[in-house]
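Examining the three-dimensional arrangement
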Amino acid sequence: MSLPLSCFSVTLGPTFTPLVVVELTSDAKREAVEWLLSRIRDQQQAGGAELLVEQLAPAVGAQEKENPNVFVVGASRQRLLSGAEEVGLFKEFSDGSMRTFTCSNKHNFRDFEGDGDSFLSMAECQFIIKHELDTLRAKDETHVPGYAQVKLYPGKSIGTTFPLGLFVTSWIFLTLLSPDDIRHYYGEGLAFYFGFLEYFTFALAPMALIGVPYYLFDWEDYDKYVLFAVFNLIWCTVILEFWKRCSASLAYRWGTLSRKKAFEEPRPGFHGVLGFNPVTGREEPLYPNAKRHLRIYLVSLPFVLLCLYLSLYVMMVYFQMEGWALNVHDEEPTFWTGVLLFIPSVIYAVVIEVMNLIYRYAAEFLTEWENHRLESSYQNHLVLKVLVFNFFNCFASLFYIAFAMQDMVLLRQSLATLLITSQILNQFMEAFLPYWLQRRRNKKMIHKVQRRRTLEDREFPLAEQVRLEAEMSTYLGTFDDYLEQFLLFGYVSLFSCVYPLAAVLVLLNNVTEVYSDAFKMCRVFKRPFSDPAANIGVWQLAFEAMSVIAVVTNFALIGLSPQVKAYFPESDTQLILWTVAIEHGLLAFKFILTFLIPDVPKHIQIKLSRLEFQSLEALKKKVEQRLLDASPAL
């Protein structure tokens, strides 16, 4: 597997700057190792990656059990620059616009000085090397040398034969860094997540400031909650629209806003019958869409529905426990029976988290079994499965209490208990537990880590650094982090008129979340490769869908209040019609706001339009020059 390398000063290193580590199994056959290394070193014209690679020297005091098949990979400066052009990297031009980097025009790019040593960030360099390793393809080999059972065909990605993994720990304090600094070290994907987390945390401040007096004064007048609910609905729309503008500004500054999406190759786990792809002109595995759809609709969909039914059954058990606790308290009210009233909600909150975790593994297994050809298709189906179940599992009981039982006191109590318990469990599962398991796995490594932090400016041996960081857990991406923020956004937006303090609790959670996420990136997980993202992806749609549901939920709750019902004493039908009419009016207002607030700021739109105009003019002049050059020959 290949792993990105950190930026500490090193000794005992190779003759080039190491950026990535390639680690093979310790029992890999020599001919297979030599074949892979030769493909990495070969010239691009010969189908190689044209990278620099050397075997890692043994660590200080190395033991015989250490893996000898560990190699450090780097590249010459010119190779990195040509790789930046190949992947379509956008960089800032001398006029301030963002343009696709080209080697022929490199001196016209801002910050390009000398031979361009500091022009590319570490994340960009490692992304380029990963791209070159990922695109290494078999030529005329029929199998991996030394492994006749591992079949190859012309054009097959070698990365599927030697899975590429990632690491490096940054011992930097992420919470003190801006998204630009995080992007420079970790890439755009993580920078967007930390940028969104910081933005969402600040956006919660107005909701929290307004929610505190509502909670402290314990206003039961739902007429006043109407104002809070309307503010909440406007808040949901405005913060999401302004985040899109903020996201576009970040993407433009980082050069990913106009970056063309790379052609997607088949996923490493994709399998099928070998056939001819008319798009690429290569032989590759083919799998019938009809067969995949059968798996989705006849297996995956029924499984998801079964899980939703089990979630509903658990919810009914919870309500039975809640009724029992309430009866005990009513028969003999004491302090301990008062505490007992909260026990069912706490147990239910823990069960919800356990069910979400188990379902997540099942959803990943099913989505992998569906055999999606592209990574984007795999991610979309996985996100849909997980979001549907998590939304139902976390919020079904609250909807039932609100609209079936119509018990606002119990709704407030259940929401507070579920929110607080889930926050505590998430902090425990995300930061403390992985760190504790890491210590259990390798106490010696932790001792080295602590010693490493005291070295400060002293050099750290490369071999020891690589093997130290190889023991760390693999970071699986921002999926779970965004999912947690999605659910917290739901707790804030769906039931604000009943429990205004939810925004305060989520705000406090996110303040600690910034530190815990930075902690796990610095202390627990290997450093991931850069992900050249242009936004937060499908999660933007998920948050917007939640904000639409929030409109319906809040106005349905307002329609159930006694104060509103008093205006329609003779007809529930009129109440329903007026509630639906106002709800539809606010939905229309929400979509008008969405339309009026442009996704991309005006100054960025002007820069993009100017760049497009200049590109068309340059192309026109190039065509005219070719015609002039060809006219004498005619």
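All residue numbers here refer to positions counted from 1 along the written sequence of the relevant chain. Totals for whole chains, interfaces and linings use every residue, but because this is a predicted model, local features are given only for residues with pLDDT of at least 70 and side-chain atom pairs only at 80 or more, for both listing and counting. Side-chain figures throughout are based on the complete set of non-hydrogen atoms in the structure, without hydrogens or water.

You'll find the protein entered in an unreviewed UniProt entry as Anoctamin, with Scophthalmus maximus given as the organism. UniProt positions are given in the numbering used here, feature names are shortened, and annotations may be inferred rather than shown by experiment. Here is the UniProt Subcellular location (unreviewed entry) comment for the protein, exactly as written: "Membrane". Among the UniProt annotations of the protein, the heading Sequence similarities (unreviewed entry) holds the following wording: "Belongs to the anoctamin family."

**Topic: the environment of Tyr 378**
Helix numbering and strand numbering both begin at the N terminus, where a helix is a DSSP run of H or I of at least 4 residues and a strand a DSSP run of E of at least 2. By the secondary structure assignment, Tyr 378 is in helix α10 (residues 375–405). Of the residues examined, Tyr 378 reaches a relative accessible area of 9% and is grouped as buried. Residues Tyr 378 and Arg 267, spaced 111 residues apart in sequence, show a C-alpha to C-alpha distance of 8.8 Å. Among all residues touching Tyr 378, those that are not within four sequence positions of it are Arg 267, Glu 364, Thr 367, Glu 368 and His 372. Burial status follows relative accessibility: with a 1.4 Å probe on protein chains alone, a residue under 20% of its type maximum counts as buried, one over 50% as exposed, and anything between as partly exposed. Any pair of residues with heavy atoms lying within 4.5 Å of one another is described as a contacting pair.

**Here we look at the packing of aromatic side chains**
Working definition: rings of Phe, Tyr and Trp (its six-membered ring) pair if their centres are within 6.5 Å, and the pair is stacked with planes under 30 degrees apart, edge-to-face with planes over 60 apart, and tilted otherwise. All chains considered together, the criterion is met by 30 aromatic pairs. Relative to Phe 119, the ring of Phe 101 has its centre 5.3 Å away and its plane inclined at 40°; by these criteria the two rings are tilted. Within this pair, whereas Phe 101 is found in the loop between β7 (98–100) and α3 (122–134), its partner Phe 119 is found in the loop between β7 and α3, the two being separated by 18 residues in sequence. Relative accessible area serves as the criterion here: at 0%, Phe 101 is assigned to the buried category. Considering the side-chain rings of Phe 391 and Phe 395, the 5.2 Å spacing of their centres and the 55° angle between planes classify their relative orientation as tilted. Taken together, the positions of Phe 391 and Phe 395, both in helix α10 and 4 residues apart, correspond to about one turn of that helix. Judged by its relative accessible area of 0%, Phe 395 falls in the buried class. Should the NZ of a Lys or the CZ of an Arg lie within 6 Å of a ring centre and within 35 degrees of the ring normal, that charge is described as sitting over the ring. Over the aromatic face of Trp 369 sits the side chain of Arg 295, whose NZ or CZ is 4.4 Å from the ring centroid.

**Considering the nonpolar core**
Residues grouped as a nonpolar core are buried Ala, Val, Leu, Ile, Met, Phe, Trp, Tyr and Cys residues, joined through side-chain atoms within 4.5 Å. The biggest cluster of nonpolar side chains holds 100 residues, and the ones touching the most others in it are Phe 192, Trp 235, Leu 411, Phe 486, Phe 489, Tyr 491 and Trp 539. The greatest single-element share of this core, amounting to 13 residues, is contributed by helix α5 (residues 188–216). If near-sequence neighbours (up to four positions away) are discounted, Phe 192 is found in contact with Trp 243, Ser 247, Leu 250, Ala 251, Trp 254, Thr 256, Tyr 482, Ala 533, Ala 534, Asn 535 and Ile 536. Membership of the second largest hydrophobic core comes to 39 residues, among which are Val 20, Ala 49, Val 73 and Leu 89.

**A word on a nonpolar patch on the surface**
Patches here are clusters of residues that have more than 30% relative accessible area and form no salt bridge, with a 9 Å joining cutoff for like charges and a 5 Å cutoff for nonpolar side chains (Val, Leu, Ile, Met, Phe, Trp, Tyr). Every accessible area reported is derived by Shrake-Rupley at a probe size of 1.4 Å, with residue values counting cover from the shown protein chains alone. Within this document, salt bridges are pairs made up of a side-chain nitrogen of Lys or Arg and a carboxyl oxygen of Asp or Glu, the two lying within 4 Å of each other. A cluster of nonpolar side chains, namely Leu 294, Tyr 297, Leu 298, Val 299, Leu 301, Leu 305, Phe 365 and Trp 369, defines an oily patch on the protein surface of about 840 Å² accessible area. Secondary structure elements with two or more residues in the nonpolar patch: α7 (289–331) and α9 (343–369). In terms of residue count, α7 provides more of the nonpolar patch than any other element does, 6 residues in total. With respect to the element layout, Leu 305 can be found in helix α7. By relative accessible area, which is 51% here, Leu 305 ends up exposed.

**A word on the side chain of Thr 417**
Tracing the backbone through its elements, the reader meets Thr 417 in helix α11 (residues 408–441). Overall, Thr 417 belongs to the buried group, its relative accessible area being 7%. When neighbours within four sequence positions are excluded, Thr 417 is seen to be in contact with Phe 342, Ser 345 and Val 346.

**Comments concerning the pattern of salt bridges**
In the structure shown here, the tally under the stated rule is 13 salt bridges. Of the charged contacts in the structure, one is a salt bridge between Glu 124 and Arg 183, with a shortest N-O distance of 2.9 Å. A residue pair is termed long-range when its members are at least 10 positions apart, and Glu 124 in helix α3 and Arg 183 in helix α4 (residues 179–186) qualify at 59 residues. Among the residues examined, Arg 183 registers a relative accessible area of 13% and is labelled buried. For Lys 385, the salt bridge is made with Glu 370, and the minimal N-O distance between the two is 2.9 Å.

**Focus: unusual backbone geometry**
One non-glycine residue, Asp 111, adopts positive backbone phi at about 75°. Looking at the element boundaries, Asp 111 is found in the loop between β7 and α3. With a relative accessible area of 51%, Asp 111 lands in the exposed category. Here the phi dihedral of Gln 406 falls at roughly 55°; this positive angle occurs in a residue that is not glycine. Along the chain, the position of Gln 406 falls in the loop between α10 and α11.

**Details of the side chain of Thr 256**
For Thr 256, the location among the structural elements is in the loop between α6 (222–254) and β10 (273–276). One polar contact links the side chain of Thr 256 to the main-chain carbonyl oxygen of Ala 533, over a distance of 3.0 Å. For Thr 256, the residues in contact, after removing those within four places along its chain, are Glu 188, Phe 192, Ala 251, Pro 532, Ala 533 and Ala 534. A 3.5 Å cut-off defines polar contacts: any pair of N or O atoms within that distance qualifies, except that in protein one atom must be a possible hydrogen donor and the other a possible acceptor, and neighbouring residues in sequence count only when both atoms are side-chain atoms.

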